[in-house]
Amino acid sequence: MKLTVNGHSTYISTGGKKPSIDNQAIIFLPGSGQSHLTFVLQTRFFAFEGYDVYAPDFPGHGLSKGNPLETIEEMADWVARLMAQCNLKSAIIVGHSQGCLVAMSLAHKYPDLAEKLILIAGALQIKVNDYLLDKSNSSLPLAIAMMTEWGHGRQGHFFAASQPGHSLLGIGRELMMANSQDALPADLLACNQFDATNIAAEIEVPVLCILAQDDKMTPVKLGIKMSDTFKNSTCVTIAQSGHMLPIEKPDDVNSSIQKFLN
């Protein structure tokens, strides 16, 4: 579905079902240079499990218009406005990578909006090396190729996806190239400047951290440190997967989320 948020057309995937407002709501927030397509195997699953699903494209990403947002805090404010547009008083917030930072910022700034947090392949800080930052501005296809290479585990590189017929590297490249050219550099810079260490310790809601054993971008040890910072958290590590957990291991991710919510 499409809404107007901050004056710009905004696309929100609902998993193939129209939200009813009567069901429990789940919001999925993607990582740097990603879109609602990161969660395509989660949104449909949970929509047909009876949840109201919202997977928005941030401005300048996917099918949403407008300029990319420049800070994690601005992204959290934007999600709060989107929730108001959707008449959502609260929701379960699911974030992947950068989306974890946005989810933590949202839960800290707007504690009434977040019922639970589910943080996938995240960390309290997601530092980006200078070379990748530079190439995201000067050579976008190269930056996307590097992130796709680093972001997938061994099975993704050998076309051994858990879902038959998928080329994970191909999906990653096409997904990221569909954004505006300013989206990835804005996202990476926003991640580089944000530190959730202090705010995470103040978050009261239950948190599930889903980590990838072979994650090269947010290594497991950083995810465990993140989990340990919260007052009320559960941590799950999924084997044989890289950073792109929602696409690489969708069944494991879905079952982990479902168990946590139940």
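Everything quoted here is computed from the prediction, not taken from an experiment. (Residues numbered from 1 in each chain as written. Predicted model: local features only at pLDDT ≥ 70, side-chain atom pairs only at ≥ 80, totals over all residues. Heavy atoms only, no water.)

## Considering unusual backbone geometry
Alright, step 1. Although it is not a glycine, Ser-97 adopts a positive phi angle of roughly 55°.
Alright, step 2. Structurally, Ser-97 is set in the loop between strand 5 (91-96) and helix 3 (98-109).
Alright, step 3. Accessibility expressed as a relative area gives 8% for Ser-97, which makes it buried.
Alright, step 4. Of note, Ala-121 is a non-glycine position whose phi angle comes to about 50°, a positive value.
Alright, step 5. With respect to the helices and strands, the residue Ala-121 is situated in the loop between strand 6 (114-120) and helix 4 (130-138). (Helix = DSSP H or I, 4+ residues; strand = E, 2+ residues; numbered from the N terminus. Buried < 20%, exposed > 50% of the residue type's maximum accessible area, 1.4 Å probe, protein only.)

## Notes on the environment of Gln-24
Alright, step 1. The residue Gln-24 is located in the loop between strand 2 (8-13) and strand 3 (25-29) in this model.
Alright, step 2. With a relative accessible area of 30%, Gln-24 lands in the partly exposed category.
Alright, step 3. Linking Gln-24 and Asn-179, residues 155 residues apart in sequence, is a C-alpha distance of 30 Å.
Alright, step 4. Residues within four places of Gln-24 in sequence aside, it is in contact with Tyr-51, Asp-52, Ala-91, Ile-92 and Glu-115.
Alright, step 5. Side chain to side chain, Gln-24 and Glu-115 meet in a polar contact 3.2 Å long. (Contact = heavy atoms within 4.5 Å. Polar contact = N/O pair within 3.5 Å; in protein donor to acceptor, adjacent residues only side chain to side chain.)

## Quick word on the state of the cysteines
Alright, step 1. Taken as a whole and judged by the stated rule, the model has zero disulfides.
Alright, step 2. In this structure Cys-209 is not part of a disulfide, and its nearest cysteine sulfur, from Cys-235, lies 5.5 Å away.
Alright, step 3. Taking relative accessible area as the criterion, Cys-209 reaches 0% and is therefore assigned buried. (Disulfide = S-S within 2.5 Å.)

## Section: the pairing of strand 6
Alright, step 1. Counting buried positions along strand 6 yields five of seven residues, so the element is predominantly enclosed.
Alright, step 2. Of the pairings in the sheet, the one linking strand 5 to strand 6 comprises six bridges and is parallel in character. Residue pairing in the sheet places Gly-95 in a bridge with Leu-119 of strand 6.
Alright, step 3. Each parallel crossover has a hand, and the one from strand 5 via helix 3 to strand 6 is right-handed.
Alright, step 4. The pairing of strand 6 with strand 7 (residues 207-212) spans four bridges and is parallel. In the strand pairing of strand 7, Leu-117 is matched with Val-207. (Pairing = 2+ DSSP bridges. Right-handed = clockwise from strand over helix to strand, strands pointing away.)

## Looking at the packing of aromatic side chains
Alright, step 1. The final tally for this structure, using the stated rule, is five aromatic pairs.
Alright, step 2. Look at Phe-28 and Phe-39: their rings are 5.1 Å apart centre to centre, the planes differ by 50°, and that puts the pair in the tilted class. Residue Phe-28 is located in strand 3, and its partner Phe-39 is located in the loop between strand 3 and helix 1 (40-47); the two are separated by 11 residues in the primary sequence.
Alright, step 3. Accessibility expressed as a relative area gives 1% for Phe-28, which makes it buried.
Alright, step 4. According to the relative accessible area criterion, Phe-39 is buried, its value standing at 0%.
Alright, step 5. Where Phe-58 meets Trp-78, the ring centres are 5.0 Å apart and the plane angle is 40°; that geometry is what we call tilted. Remark: Trp-78 occurs in helix 2 (residues 72-85) and Phe-58 occurs in the loop between strand 4 (52-56) and helix 2; sequence separation between them is 20 residues. This pair shows no difference in class: Phe-58 is buried, exactly as Trp-78 is.
Alright, step 6. Among the aromatic residues, those joined into a ring-pair cluster are Phe-28, Phe-39, Phe-45, Phe-46 and Tyr-51.
Alright, step 7. When the ring centre of Phe-260 is taken as reference, the NZ or CZ atom of Lys-116 above it lies at 5.3 Å. (Phe/Tyr/Trp six-rings, centres within 6.5 Å; stacked < 30°, edge-to-face > 60°. Lys NZ or Arg CZ within 6 Å of the ring centre and 35° of its normal.)

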